[in-house]
2 protein chains.
Amino acid sequence: MQIILLSGGPGKRLWPLSNGTRTKQFLKLLPKTDGSHESMVQRMVRQIGESGLEAEITLAAAASHHDAIISQLGRETQLVTEPERRHTFPAIALACAYLSKEKHLPDDEIVVVLPCDTFTETGYFEAVKRMAQVVETDAAELVLMGIKPTEPSTKFGYLVPDPADSSIVKSFTEKPDSERAAELLRMGAFWNGGAFGFRLGYMRRIAERYIPAESFAEFRARYTELPRISFDYEVAEKARRLGAVYFDGQWKDLGTWETLSNELDHSTIGYVIDNGTSETTAINELNIPLVCHGTQHLIVAASPDGILVADKTKADSLKESVVTINRRPMFEERRWGSYKVIDNIEFPDGYCALTKQLTLNPGAAISYQRHTFREEVWTFIDGTGEIVLDGERRSVGRGDVVNIPKMQMHALRALTPLTFIEVQKGTNLIEEDIERFPFEW
Amino acid sequence: MQIILLSGGPGKRLWPLSNGTRTKQFLKLLPKTDGSHESMVQRMVRQIGESGLEAEITLAAAASHHDAIISQLGRETQLVTEPERRHTFPAIALACAYLSKEKHLPDDEIVVVLPCDTFTETGYFEAVKRMAQVVETDAAELVLMGIKPTEPSTKFGYLVPDPADSSIVKSFTEKPDSERAAELLRMGAFWNGGAFGFRLGYMRRIAERYIPAESFAEFRARYTELPRISFDYEVAEKARRLGAVYFDGQWKDLGTWETLSNELDHSTIGYVIDNGTSETTAINELNIPLVCHGTQHLIVAASPDGILVADKTKADSLKESVVTINRRPMFEERRWGSYKVIDNIEFPDGYCALTKQLTLNPGAAISYQRHTFREEVWTFIDGTGEIVLDGERRSVGRGDVVNIPKMQMHALRALTPLTFIEVQKGTNLIEEDIERFPFEW
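Residues numbered from 1 in each chain as written. Chains lettered and ligands numbered in written order. Predicted model: local features only at pLDDT ≥ 70, side-chain atom pairs only at ≥ 80, totals over all residues. Heavy atoms only, no water.

Asker: Explain the layout of surface pockets to me, using residue names and the numbers behind them.
Answerer: All names here are of chain A. By volume, the second largest pocket is sized at about 1300 Å³. Gly-8, Gly-9, Lys-24, Thr-88 and Asp-117 are the residues nearest the centre of the second largest pocket, which is lined by 44 residues in total. Elements supplying a minimum of two residues to the lining of the second largest pocket: strand S4 (56-62), helix H3 (88-102), strand S11 (190-199), helix H8 (231-236) and strand S13 (251-253). Residue composition of the lining of the second largest pocket, grouped by class: 14 nonpolar, 16 polar and 14 charged. (1 Å grid on protein atoms, 1.4 Å probe; cavity = no way out; pocket = protein on both sides within 12 Å on 5 of 7 lines; lining within 4 Å. Points joined across faces, edges and corners; volume = space filled by probe spheres on them. Helix = DSSP H or I, 4+ residues; strand = E, 2+ residues; numbered from the N terminus. Nonpolar A, V, L, I, M, F, W, Y, C, P; charged D, E, K, R; others polar.)

Next up, the structure:
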């Protein structure tokens, strides 16, 4: 059995913790039993592992999520990235093309697609197992997971079970208006939980109607030929025979500050001093104290990207507040580790200085590169590694200072976790001022 | 006429903007007509200059305020610092000893002592002029400024004017209980505004009862012989004949977040995005955006020292929240300029890295010094200056990188405003790891 985990789109609804590259599923906010925290995608992968499903997992994600996924789930993660952002149908079709055309799995292989940002519990994976069983019977082309609704929401698709056989869906309606939603509830409808089960050949055939490619490489190269449409509209609504299983346990979308703050065990994460507050959720990723004093129903979040102080009851309209913020990300998890911007000055004549604290993971390397407009000063403060400067290789570690003038070729590799302070200085301090060259370590 | 400006004590009531070294009178928060902001002490000195009083100003301050005063008021400021913190009587006695024993001003010189953190307007300085006129008549030994009370506060001294001659005080009561305060109000009493007028010889004689010193240097060296007592108890309560003038214009103590936020013209200072808030005062000294969304009656303040989110109505008990914070200051104004800490890491083995952004004012210099336990890397990003390394002098400016190993002697002087990033690394990153040596620029 194959599970495709769909890594959701970008979003600033959890700003300042989420930014252009760091989306909600990668925020390490969810409490683990050992007191540490994990992200939504880490939790989902852990839960699948613990469920006994014995499924192989493939991540279907945006290219911009690549580094965060490798960093959080490890180098061995099976990952299919979209050449460009389209929609859920193209993303799932691409992942299926990988399974059939690259891994050469047979047409009768059972595939279940799951969103990676559902906050759920063990019973959910029992329902996934039942989805696979229904697919196995070939009673339906496509099997959905029905979620017991709590309100006539207009955010979900609805499925109405066949009264004669509840494992068959009588009708499927994608995102109805609220009147129709209320009517569907009266008919005993369930929400569509965004999980889809099918045999691999079913999706292979649908995808080949758009791109009759021989290889995965060809399919991926022609990715833009797939329509920008959701899986629900393109596949679920058109399916001749829809099956369903049902789940009425914990099932939540933690996509807003309001819903997320309800799931956090403690009301605070990070260096927070909480004094006489009520219903205040405070998350501090900075290394300075955050004092919340006598506040009520607030969300307070601080990260290198900014500080948010929002009334919990009004957090749904937060997007309006942050849409005007268009700054470079101040914290990023990358393939090689992570960095945060600790200082950023621009002088009136356009000269800039950008200071970062960076950590390279053991074995990871920064590509062999040079810059036209900026110099860099690296001060190593922990760990060991190797640096290459214009072809010359040497060891670096704690206490070393390396001055990299404009146009000097440089590469860096960590042997142990390697932390350094980088001061970039010059004009045009943009990520695009980089030429990369091949280098064999 | 001499004015002694009394620079108040430390306090964390305006944390995170105030910290151990940066007290409320130095916060540049008050709006000027040109759109910029000034501190309480800057406003007071400007107001005295504009008042036409033609007074010479002496600052009486704690030693820890020295650098902030020079930075905000200039090198030419006449400043008397206490060898240690005692109370208002010793501080005023010391400043008077300076005027009589160092500047050799005559006994009949008129002195008015003013608190530097009163938020007031032009009329206040008219009242100061009237104080000097009453001192001139020798109708009283000590002249106070009576402030029209708005409530039976227990925070102030009270003076009751003589019904026959209101320029004479019939009785003076320091900080009564609330019952007595109400009674005093019914008797037509005024608050004591903390301003004191007298002839220099009056204070010289009182001070010499404790320290019969010939010179100011001797007086200052024996400073600890003065009792730890307020000027009100030691002088005002004991005066045989007290005079008074009265002022009923704007007169406020901006010592708490609640009172300060009422005086700020805009509800926000710094990089703040305010969306649908009411009665929210937001001050952001960091260079990342602060979003306030739908909040009500909040004070939000962010500085390199920390972040405060407090309910305005509960801000008076804030001290309880911040009393547990005992960290090194993250921003300081110093004699030579200012710095902020932008990063601070400690590794499990005790090795530390502390990264600062520093700016030296033109002409200012850092003393010739060396460190035993730490190395420093200086990356210059703006301005020009001179550096001395083990006796060798050279120019530094934008783009230069200087690596200072342990025990290397180094000094630095700015020719134009000189900004650099400093990475300190080593064990024991404390301010005390410093040996200073004389150096002639």
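Asker: I'd love a proper account of the sheet that holds strand S16 (residues 281-284) of chain A, names of residues and values included.
Answerer: Read from one edge of the open sheet, 6 strands run S14(A)-S16(A)-S18(A)-S19(A)-S17(B)-S15(B), paired in mixed fashion. Strand pairing shows two members of the sheet lacking a second neighbour, strand S14 (268-270) of chain A together with strand S15 (272-275) of chain B, which therefore form its edges. The mean inter-strand angle of the sheet, taken between neighbouring strand axes irrespective of direction, is 5 degrees. Pairing geometry for S14(A) and S16(A), over 3 bridges, is parallel. Residue Ile269(A) lies in a different strand from S16(A), and its bridge partner there is Ile283(A). (Pairing = 2+ DSSP bridges. Axes fitted to C-alpha atoms, helices over the stretch in contact; angles between N-to-C directions.)

Asker: Any chance you could break down the interface of chain B and chain A for me, citing the residues and the numbers?
Answerer: In this assembly, 62 residues from chain B lie in contact with 62 residues from chain A. The partner of Asp343(A) in a salt bridge is Lys340(B), and the shortest N-O contact between them spans 3.7 Å. Remark: the boundary between chain B and chain A carries 22 residue pairs in polar contact (both at pLDDT 80 or more). Of the residues contributing to the side of chain B that touches chain A, the split by class is 32 nonpolar, 18 polar and 12 charged. Bridging between strand S19 (residues 306-311) of chain A and strand S17 (residues 290-293) of chain B involves 4 bridges; their strand directions are parallel. (Contact = heavy atoms within 4.5 Å. Salt bridge = Lys/Arg side-chain N within 4 Å of Asp/Glu carboxyl O. Polar contact = N/O pair within 3.5 Å; in protein donor to acceptor, adjacent residues only side chain to side chain.)

Asker: I'd love a proper account of empty space enclosed by the protein, names of residues and values included.
Answerer: This model, assessed by the stated rule, comprises 3 cavities of 30 Å³ or more. Volume-wise, the largest cavity comes out at about 370 Å³. What lines the largest cavity is a set of 20 residues, among which Leu286(A), Val341(A), Ile342(A), Leu286(B) and Ile342(B) lie closest to the centre. Going through the elements one at a time, strand S21 (337-346) of chain A together with strand S21 (337-346) of chain B are the ones with two or more residues in the lining of the largest cavity.

Function-wise, these values are silent; they only describe arrangement.
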